[in-house]
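Chain by chain, the residues:
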Amino acid sequence: MSDNKLVVGVFAIVLCISHNAFADAEKGRAVFAQCAGCHMVGEGAQARFGPALNNMVGQPAAGVAGYDYSQAFKQLSKDGLVWSDAELDAFLKAPMQYASGTKMAYPGLSAEEDRKNVIAYLATFTATDQPAEQVVDRKETENTIEQSNQSRPLARDAILPEHGVLHLGRIALPEEIAAWDIDVRPDGMGLPEGSGSVETGGELYDAQCAVCHGVFGEGEGRWPILAGGHDTLEDERPEKTIGSYWPYLSTVYDYVHRAMPFGNARSLSHDDVYAITAYLLYLNDIVDEDFQLSRSNFLSVRLPNEDNFYFDDRENEENYVLSAEPCMTDCIEGQARVTRRARVLDVTPDGD
Amino acid sequence: MFKNGTDNRRAFLKKSLAIGGAAGTTMLASGAGADTPDPLITEIQDWNRYLGEGVDSRPYGMPSPFEGDVVRRDVAWLTADAKASVNFTPLHKLEGIITPNGLCFERHHGGIAQISPEDHRIMINGLVDNPLVFTMEDLKRFPRHSEFYFLECAANTGMEWRGAQLNGCQFTHGMVHNVMYTGVKLKDLLAEAGVKPSGKWVLPEGADASHMTRSIPMEKALEDCMVAFAMNGEALRAEQGYPVRLVVPGWEGNMWVKWLRRLEVGDQPWHHREETSKYTDLLGDGRSRRFTWTMDVKSVITSPSPQAPINHGRGRTVITGLAWSGFGKIDRVDVSIDGGRNWHTARLDGPSLSKSLHRFYHEFDWDGSELFLQSRAIDEQRHVQKTKNALRKIRGENSIYHNNAIQTWHVKPDGLVENVEIS
């Protein structure tokens, strides 16, 4: 295992001299996980279902000696295609469209960033500056290590824990529990120390939330709406927001902290979350602009719709359970007539 | 090779269209006598002569290239971003009761987390004697069990509350799948930590960027919940929570937390986002039901259906579909071809397992006139499906979740099928 760390170190140095400043080869490495089932890279890489991908960038297509390319790829080679960044990008976007008939049965990378990053990653395996790691196949490396390793601990020396019934797992450390136990409940359980004002919350919100949720919480495009919608729950199109629908404020704190901003979860400090929660209350006309939310006054704030939820009572509905045998013949008078048709007829994309 | 096959078939289709003048329909292979010999029989085909690919040409086998249209599909306008979105199982193309792993519908709230099993940890904390951490290896040392269960999203059929919307059972009913899970019992894991007497609820939490959480009552956790690492005999698919997910049999899919990393025991529910803002059922009076966990009895005819029209003309016709209930086994399914005027009890085929999909068939001779197909399932506890109007009368149109009403397909005299509502 400690060998692995060393290799990562060498790899990082190679990254620093990577030729493409915008793409991130380290991120590309993660993207490559999708390719690794079929492709190997690095020293000693061999063909799997796809060819080894060393020396790809800037080199002629279908150039790996001894690999049996599809007709489609042989044709690309005849046409003199060279794998420039741009060609690789186009290929990886939709392989089967780019080279109809290719053996690379892979739908492609739709995100441009993923493509740029994975190409940057491949570029680290060109000619001289190859990292000495056979990155793809952790399992295989491990197996070889294990086989060659004479000093594998003996089973009889394993320490059996005392806890529990089957003595499996280990006791969680307090620091570990603290790191993961982030949930907050309506009774305040889980709320950390901290506080934040509507004013700071507004700044944070405008910078990190408004792009999607709108400056007033009205929701840009189809992103969720967070504010407004009072007294709409009985309307034909109810607007369910924090102010109009959510029963508990603790849910706002908990959710923003665990999942937002979308794409950068867990990046907000406790004070940030208190401030944003205060601002969301303000956007919903529940507090004034000079309000400050903290752990100590948290439970004093109630959301208007709290009392309008009740426990599942479907079983009390009429005919939820059959009381008699259901009708089998002549159950409804007259012939069936169409009263409504599917409104969206074109959801089924044809072919591909 | 495959390519040649396709070309050949196209050529043949063209020929037979020319000969039969079949007016653009696909009613080709019907029983009517042939005037000219079928070249697919009289001519030697490429695949009769040339060798196909050898073993190992696909280390992981894939469906035949002719099945390329059998895929999950999404409805792009439903959500703002593919990373917090949903797609649908192609029910109209499936047989039996098992959903192939690659076709199980997906619903993510923060994209598909890719987690190496070596890097994954599962923690149990809260009201327990010993808070514990397990690795995946530890997990597999508990007694393992395999069970078939359906997983249905509570919002399945949710777009149909206000009236017929989407044309295809993939879209109206495709947020369900049924696989065999292998894993360990949640009760065995909890016993290892030792639940304190005050522990009445469990909060599972995911490791993905949404950190999904739901409150599950202890009775259910101890009754039949599983912590599963395999589906249909192989490791979970990444999009189904690899390396490990929670299985909550018969209850709404959102509770089956994927990428499961933590189980907290508590004395009260948490009322988190997915059980307040979402997955609560807003009724006509503006009030809402919460904790509507059980998936109701439900069924749908998968063929014929809008994506699976009748191409063979009148005569012998097979109606098939799926039925399921979160309360247990399906007792019986009735099928109507006249919009609920008359019902015929369908034939249940294959295994009948609790909280698992059931397959039904109804075979009949179609006279070629228009049909209004419906199916009505009854489970072993006598729960029954209602008509859409009856359900709307009780719940209004804004529930989003738990729409288990009877679906109607209109089969027209040309065999095409449309999603409709009827008088």
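Let me begin by describing the structure that accompanies this report. (Residues numbered from 1 in each chain as written. Chains lettered and ligands numbered in written order. Predicted model: local features only at pLDDT ≥ 70, side-chain atom pairs only at ≥ 80, totals over all residues. Heavy atoms only, no water.)

**Concerning the interface of chain A and chain B**
Here's step 1: Listed per partner, the contact involves 86 residues of chain A and 105 residues of chain B.
Here's step 2: Interface of chain A and chain B: buried area, both sides summed, is about 8500 Å²; carbon and sulfur atoms make up 52% of it.
Here's step 3: Connecting chain A to chain B are 12 salt bridges.
Here's step 4: Ionic pairing is found between A:Asp313 and B:Arg289, a salt bridge with its closest N-O pair at 2.7 Å.
Here's step 5: At the junction of chain A and chain B, the tally comes to 51 residue pairs in polar contact (both at pLDDT 80 or more).
Here's step 6: Of all elements in the fold, only α7 (138–148), β1 (170–171), α8 (174–180), α11 (249–259), β4 (309–311) and β5 (338–341) of chain A reach the threshold of two or more residues within the side of chain A that touches chain B.
Here's step 7: In terms of residue count, the dominant contributor to the side of chain A that touches chain B is α11(A) (5 residues).
Here's step 8: Across the side of chain A that touches chain B, the residue classes tally to 42 nonpolar, 13 polar and 31 charged. (Contact = heavy atoms within 4.5 Å. Buried area = accessible area lost by both parts, 1.4 Å probe. Salt bridge = Lys/Arg side-chain N within 4 Å of Asp/Glu carboxyl O. Polar contact = N/O pair within 3.5 Å; in protein donor to acceptor, adjacent residues only side chain to side chain. Helix = DSSP H or I, 4+ residues; strand = E, 2+ residues; numbered from the N terminus. Nonpolar A, V, L, I, M, F, W, Y, C, P; charged D, E, K, R; others polar.)

**Things to note about the pattern of salt bridges**
Here's step 1: Evaluated as defined, the whole model comprises 49 salt bridges over all chains.
Here's step 2: For the salt bridge of A:Arg156 with A:Asp157, the shortest nitrogen-to-oxygen distance reads 4.0 Å.
Here's step 3: When its relative accessible area of 72% is taken as the criterion, A:Arg156 is described as exposed.
Here's step 4: Measuring nitrogen to oxygen at the nearest pair gives 2.8 Å for the salt bridge that ties A:Asp254 to A:Arg258. Here A:Arg258 and A:Asp254 lie together in helix α11, a separation of 4 residues that amounts to about one turn. The two residues A:Asp254 and A:Arg258 agree in class, both being buried.
Here's step 5: What emerges from the salt-bridge pattern is a single network uniting A:Asp181, A:Asp183, A:Asp254, A:Arg258, B:Glu205, B:Arg261, B:Arg262 and B:Glu264. (Buried < 20%, exposed > 50% of the residue type's maximum accessible area, 1.4 Å probe, protein only.)

**Section: the environment of A:Leu226**
Here's step 1: Looking at where A:Leu226 falls in the secondary structure, it is placed in the loop between α10 (210–213) and α11.
Here's step 2: Residues A:Leu226 and A:Ser250, spaced 24 residues apart in sequence, show a C-alpha to C-alpha distance of 15 Å.

**Thoughts on the packing of aromatic side chains**
Residue and element names in this part refer to chain A.
Here's step 1: In total, this model carries 28 aromatic pairs over all chains according to the counting rule given.
Here's step 2: Centre to centre, the rings of tyrosine 245 and phenylalanine 309 are 5.2 Å apart; their planes meet at 65 degrees, and the pair counts as edge-to-face. Here tyrosine 245 is found in the loop between α10 and α11, whereas its partner phenylalanine 309 is found in strand β4, with 64 residues between them in sequence.
Here's step 3: One aromatic cluster in this structure is built from Tyr67, Tyr69, Phe73, Trp83, Phe91 and Tyr98. (Phe/Tyr/Trp six-rings, centres within 6.5 Å; stacked < 30°, edge-to-face > 60°.)

**As for the pairing of strand β9 (residues 226–231) of chain B**
All names here are of chain B.
Here's step 1: Within β9, 6 of the 6 residues are buried, which leaves it mostly tucked inside the rest of the structure.
Here's step 2: Pairing of β9 with strand β11 (residues 245–247), which is carried by 3 bridges, proceeds in the antiparallel orientation. Residue valine 227 lies in a different strand from β11, and its bridge partner there is leucine 246.
Here's step 3: Here β9 runs beside strand β10 (residues 234–235); their pairing, made up of 2 bridges, is antiparallel. Within β10, the position partnered with methionine 231 by the bridge is glutamate 234.
Here's step 4: A loop of 2 residues connects β9 with β10, the two strands running antiparallel in sequence, and asparagine 232 in this loop sits at a positive phi of about 50 degrees. (Pairing = 2+ DSSP bridges.)

**What about a nonpolar patch on the surface?**
Here's step 1: A contiguous nonpolar surface patch, about 340 Å² in accessible area, is contributed by B:Leu40, B:Ile41 and B:Trp47.
Here's step 2: Along the chain, B:Leu40 falls in helix α2 (residues 39–42). (Patch = residues over 30% accessible without salt bridge, like charges linked within 9 Å, V, L, I, M, F, W, Y side chains within 5 Å. Areas by Shrake-Rupley, 256 points an atom, 1.4 Å probe, with all protein chains shown as cover.)

**Considerations on the packing of α11(A) against helix α12 (residues 270–283) of chain A**
All names here are of chain A.
Here's step 1: Their axes nearest at 10 Å, the elements α11 and α12 cross at an angle of 130 degrees. The pairing of α11 with α12 is recorded here as oblique in orientation. Two packed elements cross with a definite hand, and for α11 against α12 that hand is right-handed. Contacts from Leu249, Val252, Tyr253, Val256 and His257 in α11 reach His270, Val273, Tyr274, Ile276, Thr277, Leu280 and Leu281 in α12.
Here's step 2: Residues of the contact of α11 with α12, tallied by class, amount to 9 nonpolar, 3 polar and no charged. (Axes fitted to C-alpha atoms, helices over the stretch in contact; angles between N-to-C directions. Parallel < 35°, antiparallel > 145°, perpendicular 65-115°, else oblique. Left-handed = near helix turned anticlockwise from the far one by under 90°.)

**A word on helix α6 (residues 186–193) of chain B**
All names here are of chain B.
Here's step 1: The set of residues buried in α6 consists of Leu186, Leu189, Leu190, Glu192 and Ala193. Here the buried residues of α6 occupy an arc of 155 degrees about the axis, which is enough to place them on one side.
Here's step 2: The first or second residue beyond α6 is glycine 194, which carries a positive phi of 80 degrees. (Arc of directions from axis to C-beta.)

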